[in-house]
Each structure stands twice: as C-alpha cells, then as structure tokens.
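Per-entry structural report
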Amino acid sequence: MIFIKRCTFLLLAVGFLAITTAVLVKVFQPYDLIFKWKLIMAEGGEIFNLWAQPPVDLYIKIYLFNITNAEDFLAGREQLKVEQVGPYVYKEIMTHENVIFNENDTMSSSPSHPLVWQQHLSEGRREDDPVVMLNIAMLAISHLTANHPFFVRMALKTLLVSTKSEPIVQTTAKEFMFGYPSALATLGNTFLPNWISFEKVGLIDRMYDFSTDFETFYTGKSNPAESGLYATYRGEASLPQWENEHCSNIEHASDGTKFKSFLLPNETVKFFRKSMCRPIHLYRVGEKKKIGSLSGYSYVFEDNAFDNGVTNDANKCFCRKGYCQPVGLIDVTDCYYGFPISLSFPHFMGGDVGLQKNITGMNPDPAIHSSEFIIQPESGLPLSLSVKVQINMHFQNLNNYQAASKFSHLTVPMLWFEIMMPKLPDFLDSRFNFYLNLLPLVNPLSFWSALLLGVSLLGYAITKATLQMSNYARKTTTISERKFARVNLIKNLSGGTPTQALGACEMKFINDRQGVKHKIRRSNNTDLKFQNLHRLSKLALEIEPALSDSEENNDEGRNCKTVYSNLSISSSCSTAELNNEVKALDSFEQELLFNNVITS
C-alpha cells in the first residue's frame, strides 16, 4: 500500500512538472531565445565568423560597352554606337578585417574585396580582349575645367596636345577595368596628389579601392535584429556628399552580408555599397521563393530610385549642387574623385527616353537587367542576390574643348556590372536548414508533448488515487462492521447489552427482530455455561459473513430495508446450517442450542 501511494504521488509530481514545462515553453519560446542569442556577433561566434569571412561564392560579372564607330562619331557623321561585350567574371573574396569590438555594442573593421579572375565563367572572353573605350582621364579633366578662365583652359589644351590625348582610346578589357598608363593621370598624381592619388585610371579598380575605408557595425547585443548592420561609414552615420538624411543616412543599412532580421511583410530594407555612393531602399514583392532548402522573399529596388525628385520629391536631395540629372541617373561625382560619373540601371532601363535615343545599342530588358535580393526574413540571411548597376559619364557643355565637344550634353555608358551570389554553398544550406526549418519545431513539439504527458499523468494519477481511497475506505468499513457484528451478535445471543457503538441498521435488525431480545437460558452448572458460550461464538462467526456481504454490496445508497432483508436471508441460511449441525450433537446440547438461538 505504501508503494502504491508513493507511485501515485510520483505520477502527480511528474504530471505537474510536465504541465509547468509546457506553460514555460509557451511563455518563453526557448527556440526564439536561442535564435536571438545566436544572432549576436561575438568574437569566435558562429555568426560572427560567417560575417567576417563569408564562405560564399560571390561574383562580379562585368559587361563593357565597346565603341564601334569612333571615327564617324568624332567627325560628327553619326551618333555614338556601342556594343555590349562580356561577361568578364571575377570572384569577390569579401572579408571584414582587423575587427575591434567597441563598448557601445558595435564593432569596427576594414573591408577587403580582392577579385580573382574566373576564366571558366567568362564565356570565352579574355582579359586581354581589345576594346575601344572612353579616355576617362582626358574627358574628366576637360569636363572639370570647361567653365574655368581662358588661361586655365589654354594651359590644359597645350597639355592635351603635348600628351597626344584623344577622347576615345583602344585598350584591353583588363586595362580599362583596372587601369592603364595615362600621362594625364601621372601628371595629376604628381602635381595634385590630394585629388588624384593614383597613376592609372580604371573604373573597377577605383570602385574596389577600400584602402582608406573603415566601417562600424552593430553586434546585435542590444537588438539582435540589427546584428551585422551599419552603424557608421568612415566614422559617420551619414554620407557627406548628400545633404538630406533621406539621401545620406546609412545607419542600419546592409552591405549584403546580412540584412535585418525578423523582417515584416511591409518593411523596407536598406542597402549600401561604396560603389553605389548612396543608400537605397528595397521592398518585398511576390510570393515566397525556395532556394535550396530555405525559403525567402524577393526584394527589389524602390520605385523611382533614380528619379532625382521628379516623381518622389524626397529624392531631390540627390541633385548635386542644385543640378538634377535626367531621370534614371544619379550623380556620384563626389565618390569618383570628381570625375563626372553617373549611375543608372543597365541600358538606362527605366530612365529618360533621351538617354537611350542618344546612344545606339541600348536594349533594356527588365527580365535581364533587374536587380533582386532573396532574403530569409527571420534571420536576414541572403539566399541569393543579384545587384545590377551601370556606370556612365555624364557631360555638360564641352564646346570650349574642340576635341571633346562631340560629347557635350551626352551620357555615355561605359560598363554595367552584376554582383551576384546564385545560392548558398551546400554546407551552409544544410546548416541553416537545420537552424531555420527543423529547430523551430522544438517549440510546438515541446509544448504539446509536455502538455499531453502532463494531462495524461495527472488524469491517471487522480483516477488511481481515487480508486485507492475508495478501496481503502470500503475495506476499513468492512473490517469495522465485521468487528461490530461479531461483538453485537455474541452479546445479543448471550443476553447481554452491546457496549460499543453499532451500525444503526445492524442494531435495528438485532434488537427489533420479532420485537424481543434473545436470551440464553443459564444453567447452574458453570462448565456447561462456558461450553454453551463457546458454541454461540462459533455460531456468531458463521453468521458474520452475511453481515459483511451486506455491507460490501451496498457502498452507495444503503438503507435499513436492504440490510434487513439480506440479514434475514442470511439468518435463515445460518439457521438451516445450524439445524444440520446439531443433528450430530447429543440431545442435551441440541435442545440447549436450539432454545437459546431461536425463540419463535
């Protein structure tokens, strides 16, 4: 009995513990707590290591606009014609180096983005392919000094003649992208080192020059959703070339390694890359997409991102020094050493119609030239990305320089590039599939398992305890009734008066049967008296089961009529048994017993 009670108590305790566990799981959501903890950047942590040196396949595809009618264009016979050549593919080894953790829950680092040539992905193109391109140095200097005093312009004309500089030159693909020797660049570096700190001019080379950059990112300790996002760039939360916060603020922007976590459906995402010279907002479109084992949503550049305030008045702050370029362009002169560089979407997609009409060879196609980021919203993990931007030279009036006059008020495309990551590596896909698809099942499984276990155990334990208490009460009553019945019958049969508390029904049956008490006829012989009492005790023991059975079969709703009936039947049976027994006794004992037991 003690063992059963301990077992029941143990079941109750485990049941309560299981239900408590279910409640705690529902309230605290352990997976969410662990996931937020994992998002925090800490030295040596898993997420930090992935951010510091992303083990992904990140590429840049470059398409050059080769000029096919240089002579006819410079002679004024034809408008400029270009043809797209490429892709020239490089693998970008993106890293965050010299990371220092700060006391304000940020970390500072120096970015590094070396490029490695990928011949097998370049579709037969080679770095030494000959191309005809703009002379960036000559046209940039001409544009910068076009409105300067006459003496300045005359000195520059003399310099251009002496260096035999032409506005269009032939070079190799690699030289145009990463720099080629230029007398003008060399002179600029010699006499104006604070302006031109390089001797070779190359668009990709300048775009990937991070030698003077330092960046600060949030660790996510204060807010895990912000981990890996920009806090400052070069010590400031705003870019100095833009006046309004809408155009200049890069705080909470992503560099493409990790985006904001726990993204809501209507929430925009901010993206910043040095080559774009500005933050740009992304918004969600379409339905969920599956990349590998993970699912995410497509984010694209905001509408009218390059409208310069024509449609979106807030974008007027991208008009540099009060001059707004045509729709579809953004002036990034300040990010490219003062060169008249403008960015657009490839082939002037979505831009002013005149941009396309003035250049032969433009074929914008949204299916080919649109950018897209596929982001897993809970983690902010980029599953796939494709950023497509075109670099142009936008000229104003160059009529003061005869050699460059044909470029007046013209926007010339030079190249467009695509920074792309087609998918995550297989090992990362498997790892994040476990983190993002399998582990979230911990919360509901833990909750329902603990709840069902707790309810089951409590129900079983309570039922078992109830049955145990009922059985114990019945046995106790039975034992008590048996004791009372034995004593009462002996007392009544011997002519005595009960001295113990008896059951009401039993006393009614014993005291009221035929309205008289049973008395024993006493003998003067003491030995015979004790002998008869011994016989009567045996008789009481034989009659007792009838009383006991009547108690056990009536746990609920007992009444004296039922007990009386049972006892009457039992008494009759006992009398019959007694008559059979006394036949074997001698005549004296038979008469004595019969006269003392039944007086009808």
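For the record of the protein chain, the UniProt heading Subcellular location (unreviewed entry) holds the text "Cell membrane". For the record of the protein chain, the UniProt heading Sequence similarities (unreviewed entry) holds the text "Belongs to the CD36 family."

**Description of the sheet that holds strand β4 (residues 106-112)**
The antiparallel open sheet is built from four strands, whose spatial order is β3-β4-β10-β11. Both edges of this open sheet fall to β3 (95-101) and β11 (230-233), since each of them pairs with a single strand only. Direction aside, neighbouring strands of the sheet carry axes that sit 30° apart on average. Bridge analysis of β4 against strand β10 (residues 215-218) gives four bridges, and the strand direction is antiparallel. Opposite Thr106, over in β10, you have Tyr218 as the bridge partner.

**Examining helix α6 (residues 150-162)**
Along its 13 residues, α6 runs 18 Å from first to last C-alpha, staying within 8% of the 18 Å computed at 1.5 Å per residue. Turning to α6, its buried residues are Arg153, Leu156 and Leu160. Taken end-on, α6 shows its buried residues confined to a sector of 65°, consistent with a single buried face. Away from its buried face, by an angle of more than 90 degrees, α6 presents the exposed residues Phe151, Thr158, Val161 and Ser162. Downstream of α6 by a residue or two, Lys164 has a phi angle that is positive, lying close to 55°.

**Some details on helix α5 (residues 136-144)**
The buried fraction of α5 amounts to eight of the nine residues, a majority that puts the element mostly inside the structure. Ile136, Ala137, Met138, Leu139, Ala140, Ile141, Ser142 and His143 are the residues of α5 that are buried.

**Section: the UniProt feature "transmembrane region" (unreviewed entry) in the protein chain**
When the UniProt feature table is mapped to this numbering, "transmembrane region" (unreviewed entry) covers residues 445-467. Across residues 445-467, helical content stands at 100% and strand content at 0%; the span's end C-alpha atoms are separated by 33 Å.

**Things to note about the environment of Ala75**
In this fold, Ala75 is placed in the loop between α4 (70-74) and β2 (82-92). For the pair formed by Ala75 and Lys406, sequence separation is 331 residues and the distance between their alpha carbons is 8.5 Å.

**Description of the environment of Ala52**
With respect to the element layout, Ala52 can be found in helix α3 (residues 46-52). By relative accessible area, Ala52 is classed as buried at 10%. A sequence separation of 47 residues divides Ala52 from Val99, and the C-alpha atoms of the two residues are 8.2 Å apart. The residues touching Ala52, leaving out its near neighbours within four places in the chain, are Met94, Thr95 and His96.

**Some thoughts on the pattern of salt bridges**
What the rule picks out here adds up to 17 salt bridges. Residue Lys91 pairs with Asp57 through a salt bridge whose shortest N-O separation is 3.3 Å. Of this pair, Lys91 sits in strand β2 while Asp57 is found in the loop between α3 and β1 (59-67), placing the two residues 34 residues apart along the sequence. With relative accessibility at 22%, the residue Lys91 sits in the partly exposed group. Classification of Asp57 as partly exposed rests on a relative accessible area of 30%. Lys274 is the partner of Asp213 in a salt bridge, and the nearest nitrogen-oxygen pair spans 3.7 Å. With Asp213 in the loop between α9 (203-207) and β10 and Lys274 in the loop between β12 (269-273) and β13 (278-291), this residue pair connects regions lying 61 residues apart in the sequence. By relative accessible area, which is 17% here, Lys274 ends up buried.

**Some thoughts on the pairing of strand β14 (residues 294-301)**
By the criterion of burial, β14 is predominantly enclosed, with seven of the eight residues buried. Across seven bridges, the pairing between β13 and β14 is antiparallel. Across the sheet, Lys290 pairs through a bridge with Ser295, a residue of β14. Between the antiparallel neighbours β13 and β14 lie two residues, among them Gly292 with a positive phi of about 70°.

**With respect to the state of the cysteines**
Within this structure, the stated rule accounts for three disulfides. Note that Cys247 is cross-linked by a disulfide to Cys317, the S-S spacing being 1.6 Å. Residues Cys247 and Cys317 are joined through a disulfide that is right-handed, its torsion about the S-S bond being 70°. Taken as a pair, Cys247 in helix α10 (residues 245-248) and Cys317 in the loop between β14 and β15 (330-331) lie far apart in primary sequence, 70 residues in all. A relative accessible area of 16% means that Cys317 is categorised as buried. In this model Cys319 forms its disulfide with Cys324; the gap between the sulfur atoms is 1.9 Å. Judged by the sign of its S-S torsion, about 105°, the bond between Cys319 and Cys324 is right-handed. By relative accessible area, Cys319 is classed as buried at 11%.

Definitions and cut-offs
- Along each chain, numbering runs from 1 in the same order as the chain's sequence is written.
- pLDDT decides what is reported in this predicted model: residues at 70 or higher carry local features, side-chain atom pairs at 80 or more are listed and counted, and totals for whole chains, interfaces and linings draw on all residues regardless.
- Remark: hydrogens and water are excluded; side-chain values derive from all non-hydrogen atoms of the structure.
- UniProt positions are given in the numbering used here, feature names are shortened, and annotations may be inferred rather than shown by experiment.
- Two strands are counted as paired when DSSP detects at least two bridges linking them.
- Only DSSP runs of H or I with at least four residues qualify as helices, and only runs of E with at least two residues qualify as strands; both kinds are numbered from the N terminus onward.
- A fitted line through C-alpha atoms serves as each axis, taken over the contacting stretch for helices, and the angle formed by two N-to-C directions is quoted from 0 to 180°.
- The span one expects for a helix is its residue count, reduced by one, times 1.5 Å.
- Burial classes follow relative accessibility: with a 1.4 Å probe on protein chains only, a residue under 20% of its type's maximum area counts as buried, one over 50% as exposed, and anything between as partly exposed.
- The arc in question is the one spanned by the directions pointing from the helix axis to the C-beta atoms.
- Whether two residues touch is decided by their heavy atoms; if any such pair falls within 4.5 Å, the residues are in contact.
- What makes a salt bridge here is a side-chain nitrogen of Lys or Arg within 4 Å of a carboxyl oxygen of Asp or Glu, nothing more.
- Cysteine sulfur atoms are paired as a disulfide whenever they fall within 2.5 Å.

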